[in-house]
Amino acid sequence: MQYEQQIEALLAQMTLAEKIGQMRQLHGTGENQKNLVREGNLGSVLNVIDAEAHEIQRLAVEESRLGIPLLIGRDVIHGFRTIFPIPLGQAASFNPDLVREAARVAAREASGAGINWTFAPMIDIARDPRWGRIAESCGEDAYLASLMGVAMVEGFQGDDLTAPEAIAACAKHYVGYGASENGRDYNTAWIPEVLLRDVYLAPFQAAAEAGAATFMSAFNDLNGVPTSGNEFTLRQILKGEWAYAGMVVSDWASITEMIAHGYAADARDAALKGVTAGVDMEMASTSYAEYLAELVESGAISHDLIDDAVRRVLRIKFRLGLFNQPYANAAAAETLVAPDHLALARQIAKESCVLLSNKETLPLKQQTKVAIVGPLADHAADQLGCWVFDGKPEDSQTPLQAIRGLLGNEQVVFAQGLAEARSTDDGLFDEAVAAAQTADVVLAFLGEDAGLSGEAHSRAFIDLPGAQLALVDALVATGKPVVAVVMAGRSLVLGELQDKVQAILYAWHPGTMAGPAIADLLFGLDNPSGRLPISFPRTVGQVPVYYNRKNTGRPPSEDAPSIPTGTPLDPSGFTSSYLDVDHRPLFAFGYGLSYTTFDYRNIRLSSPKIGFDQTLSISATITNTGNYAGAEVVQLYIRDLVGSMTRPIKELKGFQRIALEPGQSQEVTFELRSADLSFHNNAMQKIAEPGEFHVWVAPNSLGGLQASFELGA
Ligand code: NOJ
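Residues numbered from 1 in each chain as written. Predicted model: local features only at pLDDT ≥ 70, side-chain atom pairs only at ≥ 80, totals over all residues. Heavy atoms only, no water.

Some remarks on the overall build of the protein chain
Now for step 1: A count of helices and strands for the protein chain gives 21 helices and 26 strands.
Now for step 2: For the protein chain, whose C-alpha radius of gyration is 26 Å, the value lies close to the compact-globule estimate of 27 Å for 713 residues.
Now for step 3: Its C-alpha atoms put the protein chain at 75 × 65 × 45 Å along the principal axes.
Now for step 4: Out of the 713 residues belonging to the protein chain, those deemed buried represent 62%.
Now for step 5: Within the protein chain, contacts between residues separated by at least 24 positions form 76% of all contacts whose residues are at least 6 apart in sequence. (Helix = DSSP H or I, 4+ residues; strand = E, 2+ residues; numbered from the N terminus. Rg over C-alpha atoms; globule rule 2.2 N^0.38 Å. Buried < 20%, exposed > 50% of the residue type's maximum accessible area, 1.4 Å probe, protein only. Contact = heavy atoms within 4.5 Å.)

Right, here's the structure in full:
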């Protein structure tokens, strides 16, 4: 590889203390950090920007013995200063090109502040909306999350990591963090190895193959072994099977947290287990600094193990070109919230919004007189979402501002109705009702404040918080049509809301440009085209509910009647269902409406049978049969009917976003390789098995056109 000689030359000059220094990352730039940097005993800092970042980098480069530059890391998760939708929202765009561009812009803006490394993408598969970090994820599906994760890696890193606006990516949290039991953050995950490999590891393997510079080990224990001390996932799979040459950083203190896990006796033991497993750099805690030297000297770990870790750290620094240009990309500092960045934020926010229901109400005419209500109508900070260090509320354009701008002040009356999302105080209801009475349509901006999702922000109730449904009742009682725009960091339970209102537009937390994006959609300047990256449960009692489940030996009816939640039903046979709620989600994975309608016709396969190492073409004709131009996300699903392991009832294998004018048709063709049909069997071989498959070209994970083919020799 390109830098190996330089790495070896540098390594040869380093003392053991300097090597261990490269394996340390500390938060901030206090005197302690500065001294460590001068002594060559610190490889990385996190959470410093601008002048502070410059100064600590200068100390490393100019005042340390070997002048090794620092990795300067930060959580640039869904934008730096220009904030894009939360990653779950970005995934709903089903548009990896836009997601790549958003990561590129985030990298550009961050590079201007002296950051050379982001702790993103977060590609944990998340199937439990109670888990607050589902907001940071790309949802429930391994295929979608892989594409989105790769797009983010490509966006952050570009083709050439030495380019001034490129920063190193970090695939996190490796691995299984999203499977934390009962949605409680940091909780234990138990994942059988086949599921681990087919679902949870898949996006990480894709990120590694895409060249993600770094990985982050997670907080959770997986099958009894903390992931920051897990030789199986780190040493055997990542660095062994995948031959990953990048670097692994721990999560914040996740090395020493192995003591609380009951896996390490003390900090010395934690350091031993972390480094042996393959964590190359310790974030925040200091067990490596305190014990690695002694562990080497006592023979408990080898010099080679240290050298391997240090090589990986240095490799990133070379790949980033830091030895030539360690400082901020000054030109990028001028681009913060630049017009083209905001335009991109508006576009991706638009494409991430999912129209969940619409009783012939949307789009609204621009002549409509609207009452704008709700705690999220004009909340510049909450619309940004949960992972925002550097985004500024003052850059936000709120829905109230944007709709006033579009319609003019006289057509808009505003009454918040609830002081904040969690408020249970109905003191402002009367004012909101009075506002509604003067309008043609009520636009209710509901959902979660930014603090209800994200790290350590799990919920056991995933309804609209506070008195929001009561506010909706009061508004509906006016007899005016009510349109709900929901901003949230997860899928919420929405059945009651759906019954009450005329339409629901699900906007996630859309970021800086929430207002203009939502206004464009509500008033028909653009057409909603987002699709759900997670299934929406009818009740929290269905969780986890995801589309690619198994059929079971007693499958529930796929066209079961919709039973209102909590209503006891006479037993409908001994099937895998509920007595008191439809087994299906309220809104399925891949679902989303448009102002127009799309017709799917004429599914065609290139052959009824393919052999191993062959490719099948699947085509269908999609027609825009409505009155609006719109984009459709055409989805390809398969089912392997009989396997040596039971197979999911549906598996997403492709999608294409196409734009169609009214009346326009397009033939969409997918290529399915036999390798795309493979899965892990119990012997951990990844194989495609002969036999019959169903294939669907579909608007979502439920319906669509179906055909069959055979895989065989
Ligand atoms: C802990 C979080 O789990 C991780 O996602 C983040 O990157 C680090 N803290 C650094 O802030």
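Some words on the domain arrangement of the protein chain
Now for step 1: The domain architecture assigned to the protein chain consists of domain 1 (340-522), domain 2 (558-583) and domain 3 (598-711).
Now for step 2: If you average the C-alpha positions of domain 2 and of domain 3, the two centres end up 30 Å apart. (Domains from an automatic or database assignment.)

Quick notes on the packing of aromatic side chains
Now for step 1: Taken as a whole and assessed by the stated rule, the structure comprises 24 aromatic pairs.
Now for step 2: On the numbers, 5.9 Å between centres and 20° between planes, the contact of Y3 with F318 is stacked. Of this pair, Y3 sits in the segment before α1 (4-13) while F318 sits in helix α14 (residues 303-319), placing them 315 residues apart in sequence.
Now for step 3: Given a relative accessible area of 10%, F318 falls into the buried group.
Now for step 4: With a centroid separation of 4.1 Å and 20° between ring planes, the pair formed by F318 and F323 is classed as stacked.
Now for step 5: Lying across the ring of Y263, K273 places its NZ or CZ 5.0 Å from the centre.
Now for step 6: In this structure, K650 is placed above the aromatic ring of W696, and the distance from its NZ or CZ to the ring centre is 4.3 Å. (Phe/Tyr/Trp six-rings, centres within 6.5 Å; stacked < 30°, edge-to-face > 60°. Lys NZ or Arg CZ within 6 Å of the ring centre and 35° of its normal.)

Thoughts on the packing of helix α3 (residues 31-38) against helix α4 (residues 50-63)
The description of two helices packed together rests on the angle between their axes and the distance between the axes.
Now for step 1: For the pair α3 and α4, the least separation of the axes is 8 Å and the interaxial angle reads 25°. Considered as vectors, α3 and α4 are oriented roughly parallel to each other. Viewed along their axes, α3 and α4 form a crossing whose handedness is right-handed. Within the contact between the two elements, α3 uses Q33, K34, V37 and R38 and α4 uses I56, L59, A60 and E63.
Now for step 2: Here the contact of α3 with α4 is built from residues that sort into 4 nonpolar, 1 polar and 3 charged. (Axes fitted to C-alpha atoms, helices over the stretch in contact; angles between N-to-C directions. Parallel < 35°, antiparallel > 145°, perpendicular 65-115°, else oblique. Left-handed = near helix turned anticlockwise from the far one by under 90°. Nonpolar A, V, L, I, M, F, W, Y, C, P; charged D, E, K, R; others polar.)

Some words on the site of the ligand
Now for step 1: Taken together, L46, D75, F119, R133, K172, H173, M216, F219, D251, W252, M283 and E455 make up the full set of residues near the ligand.
Now for step 2: A distance of 2.5 Å is found between an oxygen atom of the ligand and a side-chain nitrogen or oxygen belonging to D251.
Now for step 3: For the ligand, whose unbound accessible area comes to 300 Å², protein coverage reaches 95%.
Now for step 4: Of the residues assigned to the shell around the ligand, the class counts are 6 nonpolar, 1 polar and 5 charged. (Near = heavy atom within 4 Å. Polar contact = N/O pair within 3.5 Å; in protein donor to acceptor, adjacent residues only side chain to side chain. Areas by Shrake-Rupley, 256 points an atom, 1.4 Å probe, with all protein chains shown as cover.)

As for unusual backbone geometry
Now for step 1: The linkage connecting L362 with the following residue, P363, adopts the cis geometry, with an omega of -5°.
Now for step 2: Examined against the element boundaries, P363 turns out to sit in the loop between β11 (354-358) and β12 (370-373).
Now for step 3: In the segment running from V543 into P544, the intervening peptide bond is cis, with an omega of 0°.
Now for step 4: Position of P544 among the secondary structure elements: in the loop between α21 (514-522) and β17 (598-605).
Now for step 5: Positive phi, close to 50°, is recorded for N223, a residue that is not glycine.

Section: the sheet that holds β11
Now for step 1: Spatially, the 6 strands line up as an open sheet ordered β11-β16-β15-β14-β12-β13, and their pairing is mixed. Since the sheet does not close on itself, it has two edges, and those belong to β11 and β13 (412-415), each with one partner. Across the sheet, the mean angle from the axis of one strand to that of its neighbour is 20°, orientation sign disregarded.
Now for step 2: Relative to strand β14 (residues 441-447), β12 runs parallel, the two sharing 4 bridges. Of the residues in β14, the one forming a bridge with I372 is L443.
Now for step 3: Most of the contacts of helix α19 (residues 468-476) go to β14, to which it runs at about 175°, and overall it touches β12, β14 and β15 (482-487). (Pairing = 2+ DSSP bridges.)

A short note on the pairing of strand β5 (residues 170-174)
Now for step 1: Burial of β5 is extensive: 5 of the 5 residues sit out of reach of the surface.
Now for step 2: Pairing between β5 and strand β6 (residues 214-217): 3 bridges, direction parallel. Bridge pairing links C170 to T214 in β6.

Some words on a negative patch on the surface
Now for step 1: Negative charge collects at one region of the surface, where D425, D426, D430 and E431 lie side by side.
Now for step 2: Along the polypeptide, D430 turns up in helix α18 (residues 429-437). (Patch = residues over 30% accessible without salt bridge, like charges linked within 9 Å, V, L, I, M, F, W, Y side chains within 5 Å. Salt bridge = Lys/Arg side-chain N within 4 Å of Asp/Glu carboxyl O. Lys, Arg positive; Asp, Glu negative; His and termini not counted. Charge placed at Lys NZ, Arg CZ, Asp CG, Glu CD.)

Quick look at the packing of α18 against α19
Now for step 1: Running from N to C, α18 and α19 cross one another at 35°; their axes reach a closest spacing of 9 Å. Along this stretch, α18 crosses α19, giving a crossing that reads as right-handed. Taken together, the residues of α19 that come into contact with α18 (itself represented by F429, A432, V433 and A436) are A470, L471, A474 and L475.
Now for step 2: Its residues assigned to classes, the contact of α18 with α19 shows 8 nonpolar, no polar and no charged.

Digging into the sheet that holds strand β9 (residues 247-249)
Now for step 1: With parallel pairing, the 3 strands of this open sheet are ordered in space as β5-β6-β9. The open sheet has two edge strands with one neighbour each: β5 and β9. Recorded for the sheet is a direction-independent mean angle of 25° between the axes of neighbouring strands.
Now for step 2: Two strands pair when backbone bridges link them, and β6 and β9 are joined in this way by 3 bridges, in the parallel orientation. Looking across to β9, one finds that M216 is bridged to V249.

Describing the pattern of salt bridges
Now for step 1: What the rule picks out here adds up to 42 salt bridges.
Now for step 2: Measuring nitrogen to oxygen at the nearest pair gives 2.8 Å for the salt bridge that ties K19 to D307. Here the residue K19 occupies a position in helix α2 (residues 16-22), and D307 occupies one in helix α14, the gap between them amounting to 288 residues.
Now for step 3: Relative accessible area serves as the criterion here: at 11%, K19 is assigned to the buried category.
Now for step 4: D307 gets classed as buried once you look at its relative accessible area, which sits at 13%.
Now for step 5: For E448, the salt bridge goes to R490, with nearest N and O atoms at 2.5 Å. Here R490 lies in the loop between β15 and α20 (495-500) and E448 lies in the loop between β14 and α19, a separation of 42 residues in the sequence.
Now for step 6: Each of the salt bridges in this network shares a partner with another, and the network as a whole consists of R38, E55, R58, E62 and E63.

Some points on α21
Now for step 1: Across the 9 residues that make up α21, a large majority, 9, are buried.
Now for step 2: Taken residue by residue, α21 has A514, G515, P516, A517, I518, A519, D520, L521 and L522 as its buried positions.
Now for step 3: Against the buried residues of α21 lie α16 (339-352), α17 (399-407), β14, β15 and β16 (503-506).
Now for step 4: Positive phi shows up at G524, right after α21, with a value of about 75°.

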